[in-house]
Amino acid sequence: MKLIIQYSLIFLLCTPVFQMQAQQDTNRANTPLLSIRGAVRESDTYKPISKVNIEINGGAYTITDAKGAFSIQARKGDELIVRHKDFETVYYTIVDEDRITIEVEPAIQQAENKKYKRDIKRFNSFIDSVTTYKKIDVAKSIKFVGEALAQSSSIEQNAEAYEVLGDVYMFWKQYDLAVTNYRISLQNVETNTAKLGLAKAYGLNKNYQESIDTYEAINKNTLSNYQLITCYEGLGDTYYSIKNYDASLDAFNKGLQIAEKHLISPKIVDLNSKIAQTYNASGKIQKAEVFFGNSMNLAEMQTKKRALEEKVTVADFQNTNENYDKEIELRKQIVEDVKEAEKDSVIENESALTSQKQNYKIGNAYALQKDYANAIPYLEKSIEEADDREDLIVKKDATRKLSDVLVDAGDFEKAKSTFEAYTMVVDELYIKREQELSQADRQRRNISEQQNRITSLLSDKELNESLAESRDKNQQIVIYALIAGMLLLTIMAFMMYKYIKQQRFANNLLALKSLRSQMNPHFIFNALNSVNSFIASNDERTANKYLSDFSHLMRSVLENSEEDFIPLQKEIELLELYTKLEHFRFKDKFDYTITIDDAVAVSEYYIPPMLLQPYIENAVWHGLRYKTEKGHLYISIDKKSNSEITISVSDDGIGRERSKALKTEHQKKQNSKGMGNIKKRVAILNVMYKDKVDVFIDDFQEDNDAGTKVVVTLKKD
């Protein structure tokens, strides 16, 4: 009974459905048949496709002929199904009996196109990532360039990737590597942006002639207005670097004319400023003032930061030309305006706009006017701000300047404590510099490794392409593989050699700095002892005069302390001042003579700073000081050959052997350490600069007071 009821329900439910289906079939049967004609072809080549299956759903069937044409009977609303093994199935609804053209994309081509589009998308994604990390993480940027090159499928993409890598190296001031990558980019595809980048990189890498040649070789007719301005501006910068001011002005003016014609205001400001700087450098001060006036007014219409940057440039100009009142007025405006600018953007310590730098320069300008009452508060403010912002460089300079100003103002106690604070800042800065050098070394290694990977990737890619194109040429494949392998090894060997050379150079610089840091405190300590002895003997006037000369000497010594070599003329001035100070203290012990041969072209020679001072110090403190009668110190500079001179430091003191016998063990160790430092400096400098300095020490004479003679041989650059 239950089964009968179930079947009855199913029948009742299905009856309406069957009736609807029957009605649709009746309607379809009443719709007239249409003769549908059409063709199937490839979408890109329009090539007809034969033997394509053409079917009406649940009805007629046919295939295309050799010309890709077909004819089939169908009704309006029927679905036409088009099938073939080489493309995806196409469904088409019949609307009328108009001719149908079905364009299809072969499955293989579809797959290739999808892959190509996917590769382009990934390539662009990696290039965008390079741009994102360019100013944040150089290693990541280089890594993304490598990834982009791995996805590259054309020489145009290769060129773009290497150009972007050149931009990255330019930002991180690795100009030699920037040159390399811009050149690789141009080897793939020549673009104006890569040419402009290469020319600028050459200039910053001090390949000035290559920079000029590259700028001048660019076809100016192919450049946009902005690129043309950039080209002339870069050419002017390069000429400025080699002090060809007329050519520099010509290039800057050409760029300015184009910028004014096309109303490119940021470049109008920049070029007015650069023209002014060039006129100033060439001694045409009035013309420089006119163009600086233009740049200042135009910069006010730009961003706040750009206006401030131009004020700083003009303030530096006023300082150079000793217009201190105008400089001070400008810098005070900058200090006020920087507070507003900092609300919109972060101003890093490296920027010239920081208030600590501006207050330091205001104090310096007042000091140059001998207005010590105004100079001191600004220098103290600069020190305070630099300390808050952890700007050790400005803190060092401001503390040093404050010490000098206090000496000139006569406040010697405060000057002494300030100078002690200065030495502490110098020590702190030295530690920071060591850390920065270490970080820079790690970064150089990281960059080198990443560049090697990219070079290796390039070589591998070239090799794979060569293999794919030349599968039937086995002999050529082997040759190309060997060449590529040798090239890769050569490049890696060169990069390794360059890295090792840079490492050694950096280590030598650290060693030199370490030795200098050991010598300067020793020298300062001895000089301060002399001041102390004058003060102890209540000879305040002598102490003041000695301290004034000593501060002058220290200023010169510290200014040159970062240099490996200084002009010989500067070293002579230091020696004259130092010898004067020592004679000032030991007048009853020795006299001195400094002679310079007229045949010596002093301006043509360079010497390590403070190289001779320790020998003079030894002559006075360990030779002449212990002599029973008054001695003599001889300093002479003579010509040895066309490319060499000798500098002799001789004394008729008690000699090395008698001096050694008089010393305590502690004094022997200290003297040995001091002379050892000098030998190490000379050895390191000779390694770095190819045997430029030679030192020979002997007795001065054969008497009981044998004396000592030190002969330094110096080669011309």
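Residues numbered from 1 in each chain as written. Predicted model: local features only at pLDDT ≥ 70, side-chain atom pairs only at ≥ 80, totals over all residues. Heavy atoms only, no water.

Before going further, it helps to spend a moment on the overall build of the protein chain. When its secondary structure is counted, the protein chain shows 23 helices and 14 strands. Put simply, the protein chain has 717 residues, and 43% of those count as buried. (Helix = DSSP H or I, 4+ residues; strand = E, 2+ residues; numbered from the N terminus. Buried < 20%, exposed > 50% of the residue type's maximum accessible area, 1.4 Å probe, protein only.)

What follows is about helix α12 (residues 304–320). Taking 1.5 Å per residue as the helical rise, α12 with its 17 residues ought to reach 24 Å, and the 25 Å between its terminal C-alpha atoms agrees with that figure. Looking only at α12, the buried set comprises Arg 306, Ala 307, Leu 308, Glu 310, Lys 311, Val 312, Val 314, Ala 315, Phe 317 and Gln 318. Of the surrounding secondary structure, the elements contacted by the buried residues of α12 are α10 (265–281), α11 (285–299), α13 (324–344) and α14 (355–368). Looking at the residues trailing α12, positive phi occurs at Glu 322, about 60 degrees. (Expected span 1.5 Å × (residues − 1). Contact = heavy atoms within 4.5 Å.)

What follows is about the nonpolar core. Within the largest apolar cluster, 46 residues are counted, with the highest numbers of intra-cluster contacts made by Leu 568, Ile 607 and Leu 633. Secondary-structure elements contributing two or more residues to this core are α17 (412–469), α19 (540–559), α20 (568–585), α21 (613–624), β11 (631–641), β12 (644–651), α23 (665–689) and β14 (708–715). If you look at the next biggest cluster of nonpolar residues, it comprises 33 residues, including Leu 228, Ala 251, Ala 259 and Phe 292. (Core = buried A, V, L, I, M, F, W, Y, C linked by side-chain atoms within 4.5 Å.)

Further remarks concern the sheet that holds strand β7 (residues 100–104). Read across the sheet, three strands follow the order β4-β1-β7 without closing on themselves; strand pairing throughout is mixed. Of all the strands in the sheet, the pair left with one neighbour each is β4 (69–74) and β7. For this sheet, the mean inter-axis angle between neighbouring strands, taken without regard to orientation, is 30 degrees. In this sheet, β7 lies alongside strand β1 (residues 34–42) in parallel orientation, the contact comprising five bridges. Counterpart to Ala 39 in the pairing with β7 is Thr 101. (Pairing = 2+ DSSP bridges. Axes fitted to C-alpha atoms, helices over the stretch in contact; angles between N-to-C directions.)

Once that is clear, we can look at the confidence of the model for the protein chain. Mean pLDDT over the protein chain: 79, with 80% of residues reaching 70 or higher. Ignoring residues within four places in sequence, the model shows residues 9–22, a span with pLDDT below 50, making zero contacts including any to other chains. (pLDDT = per-residue confidence, 0-100.)

Right, let's talk about the packing of aromatic side chains for a bit. According to the stated counting rule, one finds eight aromatic pairs in the structure shown. Through successive ring pairs, a cluster of aromatic residues spans Phe 126, Tyr 133 and Phe 144. Of note, Arg 400 hangs over the ring of Tyr 422, and the distance from its end group to the ring centre comes to 5.5 Å. (Phe/Tyr/Trp six-rings, centres within 6.5 Å; stacked < 30°, edge-to-face > 60°. Lys NZ or Arg CZ within 6 Å of the ring centre and 35° of its normal.)

To continue, consider the pairing of strand β5 (residues 79–84). In the sheet, strand β2 (residues 53–56) pairs with β5 via four bridges, with the strands oriented antiparallel. Paired with Asn 53 across the strands is Arg 83, a residue of β5. For β5 and strand β6 (residues 87–93), the ladder comprises five bridges, and the chain directions are antiparallel. The residue of β6 that forms the bridge with His 84 is Phe 87. The antiparallel pairing of β5 with β6 creates a hairpin that spans two residues between the two strands.

All chains considered together, the criterion is met by 22 salt bridges. The partner of Glu 190 in a salt bridge is Lys 195, with the nearest N and O atoms 3.4 Å apart. One salt bridge in this structure joins Lys 381 and Glu 385, with 4.0 Å as the shortest N-O distance. Here the residue Lys 381 and the residue Glu 385 both occupy positions in helix α15 (residues 372–388), the gap between them amounting to four residues, near one helical turn. Among the charged side chains, a salt-bridge network with shared partners connects Glu 233, Asp 237, Lys 267 and Lys 274. (Salt bridge = Lys/Arg side-chain N within 4 Å of Asp/Glu carboxyl O.)

Here we take up the sheet that holds strand β13 (residues 693–698). Taken in spatial order, the five strands line up as β9-β11-β12-β14-β13 in an open sheet, and their pairing is mixed. Every other strand in the sheet has two partners, leaving β9 (590–596) and β13 as the edge strands with one partner each. Adjacent strand axes in the sheet meet at a mean angle of 15 degrees when their direction is disregarded. Strands β9, β11 and β12 of the sheet are contacted by α20, whose axis makes an angle of about 165 degrees with β9. Running at roughly 150 degrees to β11, α21 makes contact with β9, β11, β12, β13 and β14 of the sheet.

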